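Descriptive analysis of the structure
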Amino acid sequence: DTEVTQTPKHLVMGMTNKKSLKCEQHMGHRAMYWYKQKAKKPPELMFVYSYEKLSINESVPSRFSPECPNSSLLNLHLHALQPEDSALYLCASTNTRTVNGYTFGSGTRLTVV
Amino acid sequence: LAKTTQPISMDSYEGQEVNITCSHNNIATNDYITWYQQFPSQGPRFIIQGYKTKVTNEVASLFIPADRKSSTLSLPRVSLSDTAVYYCLVGDGNQGGKLIFGQGTELSVKP
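It should be emphasised that the depicted structure is a prediction, and the values quoted were computed from it without experimental measurement. (Residues numbered from 1 in each chain as written. Chains lettered and ligands numbered in written order. Predicted model: local features only at pLDDT ≥ 70, side-chain atom pairs only at ≥ 80, totals over all residues. Heavy atoms only, no water.)

Quick look at the overall build of chain A now. Across its full length, chain A holds zero helices and eleven strands. The helix and strand sequence of chain A, counted from the amino end, reads β-β-β-β-β-β-β-β-β-β-β. A total of 113 residues make up chain A; the buried ones form 49% of that total. Intrachain contacts of chain A at a sequence separation of at least 6 include 53% that bridge at least 24 residues. Here chain A has roughly 5,500 Å² of accessible surface; of this, 49% comes from carbon and sulfur atoms. (Helix = DSSP H or I, 4+ residues; strand = E, 2+ residues; numbered from the N terminus. Buried < 20%, exposed > 50% of the residue type's maximum accessible area, 1.4 Å probe, protein only. Contact = heavy atoms within 4.5 Å. Areas by Shrake-Rupley, 256 points an atom, 1.4 Å probe, with all protein chains shown as cover.)

A separate point is the packing of aromatic side chains. Evaluation of the coordinates by the stated rule reveals eleven aromatic pairs over all chains. Measuring from centroid to centroid gives 5.8 Å for F104 of chain A and Y36 of chain B, while their planes differ by 85°, and the two rings are edge-to-face. In this pair, F104 of chain A sits in strand β10 (residues 103–104) while Y36 of chain B sits in strand β3 (residues 32–38), so the two residues belong to two different chains. As far as the burial class goes, F104 of chain A and Y36 of chain B line up, both buried. Ring centres of F104 of chain A and F101 of chain B lie 5.8 Å apart, and the angle between their planes is 70°; on these two criteria the pair is classed as edge-to-face. One end of the pair, F104 of chain A, is in strand β10; the other, F101 of chain B, is in the loop between β8 (84–91) and β9 (105–110), on a second chain. (Phe/Tyr/Trp six-rings, centres within 6.5 Å; stacked < 30°, edge-to-face > 60°.)

Quick look at the pattern of salt bridges now. For the structure shown, the criterion picks out six salt bridges over all chains. When salt bridges with common partners are traced through the structure, they connect K36, R63 and D85 of chain A into a single cluster. (Salt bridge = Lys/Arg side-chain N within 4 Å of Asp/Glu carboxyl O.)

Below, the discussion takes up the sheet that holds strand β7 (residues 70–75) of chain B. Residue and element names in this part refer to chain B. Strand order in the open sheet formed by four strands is β2-β7-β6-β5, with antiparallel pairing between adjacent strands. Edge strands, defined here as strands with exactly one partner in the open sheet, are β2 (18–23) and β5 (53–56). Pairs of neighbouring strands in the sheet enclose a mean axial angle of 15°, with direction left out of account. Direction of pairing for β2 relative to β7: antiparallel, over a ladder of six bridges. Its bridge partner being in β7, S23 is matched across the sheet by S70. (Pairing = 2+ DSSP bridges. Axes fitted to C-alpha atoms, helices over the stretch in contact; angles between N-to-C directions.)

Here we take up the side chain of Q6 of chain B. Residue and element names in this part refer to chain B. With respect to the secondary-structure elements, Q6 resides in the segment before β1 (9–13). Given the relative accessible area of 11%, Q6 is considered buried. Looking at Q6, its side chain comes within polar contact range of the main-chain nitrogen of C88, at 2.9 Å. One polar contact links Q6 to T105, side chain to side chain, over a distance of 3.0 Å. (Polar contact = N/O pair within 3.5 Å; in protein donor to acceptor, adjacent residues only side chain to side chain.)

This part covers the interface of chain B and chain A. Listed as interface residues are 24 residues of chain B and, on the opposing side, 31 residues of chain A. Remark: the boundary between chain B and chain A carries one salt bridge. For K40 of chain A, the salt bridge goes to E106 of chain B, with nearest N and O atoms at 3.7 Å. There are three residue pairs in polar contact (both at pLDDT 80 or more) connecting chain B and chain A. No other element matches the three residues that β3 of chain B contributes to the side of chain B that touches chain A. Considering only residue class, the side of chain B that touches chain A consists of eight nonpolar, 13 polar and three charged. (Nonpolar A, V, L, I, M, F, W, Y, C, P; charged D, E, K, R; others polar.)

Looking now at the side chain of T4 of chain B. Residues and elements named next belong to chain B. Mapped onto the elements of the fold, T4 is located in the segment before β1. Within polar-contact distance, the side chain of T4 engages the backbone oxygen of C88 at 3.4 Å. The contact partners of T4, leaving out residues within four places of it in the chain, are C22, S23, H24, C88, L89, V90 and G102.

Take the nonpolar core next. Residue and element names in this part refer to chain A. Membership of the largest hydrophobic core comes to 22 residues, with the highest contact counts inside it found for W34, F64, L76 and L78. Residue assignment for this core shows that the elements contributing at least two residues are β2 (10–13), β3 (18–25), β4 (31–37), β5 (44–50), β7 (64–70), β8 (73–79), β9 (87–94) and β11 (108–112). In this view, L78 contacts L11, M13, N17, K18, K19, L21, R63, F64 and L110; residues no more than four positions away in its chain are not counted. (Core = buried A, V, L, I, M, F, W, Y, C linked by side-chain atoms within 4.5 Å.)

The subject of this paragraph is the environment of P44 of chain B. Residues and elements named next belong to chain B. With respect to the secondary-structure elements, P44 resides in the loop between β3 and β4 (45–50). Look at P44 and you get buried, because its relative accessible area is 4%. Measuring from C-alpha to C-alpha, the distance between P44 and Y86 comes to 8.7 Å, with 42 residues separating the pair along the chain.

This is the structure:
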């Protein structure tokens, strides 16, 4: 298995809803990432987990809450989002200096209404 | 973290060779240079990675001069399906480290 799987592929949520994005990989990678990408912009780093511990938080608002229950799974819990949070949310994983770089999932297209 | 600079956009025609150059003047000794391709509404896909000189794989070549302050991604004989955004990134690749994207180059391949 050489993929990063993200679910759901699309999500529409209201500003008062609570939802979660899920990311899974079975490549034995010990670093996992959340990125946010707005239209026509590059991906922006949000969080980094290394060995299931949060190592980097790029000053992301608390309405985004990451969780890494085990080495294969990464969640992003969403609560009280704003319409401007609508974006493509990408998950990635990597091992140290692999020749194949970072492996990205296909993303979750989030729309906040 | 080394910042990268790429052309915002490039146009090409099918069958041509495309070269996209990236500047990274502040690249560190431990940094690798990695290129990704991204189609709309998909995650970036690894293309090629190198440290110095030339690297070639089945889809592209990467040329890195001795001073490593720039790199050039070469796509041989592009097709319409190569229309995408191409990102150049530099970093030490350490597990758990930052991977920061620059603005990328939007390549448009025309018939």
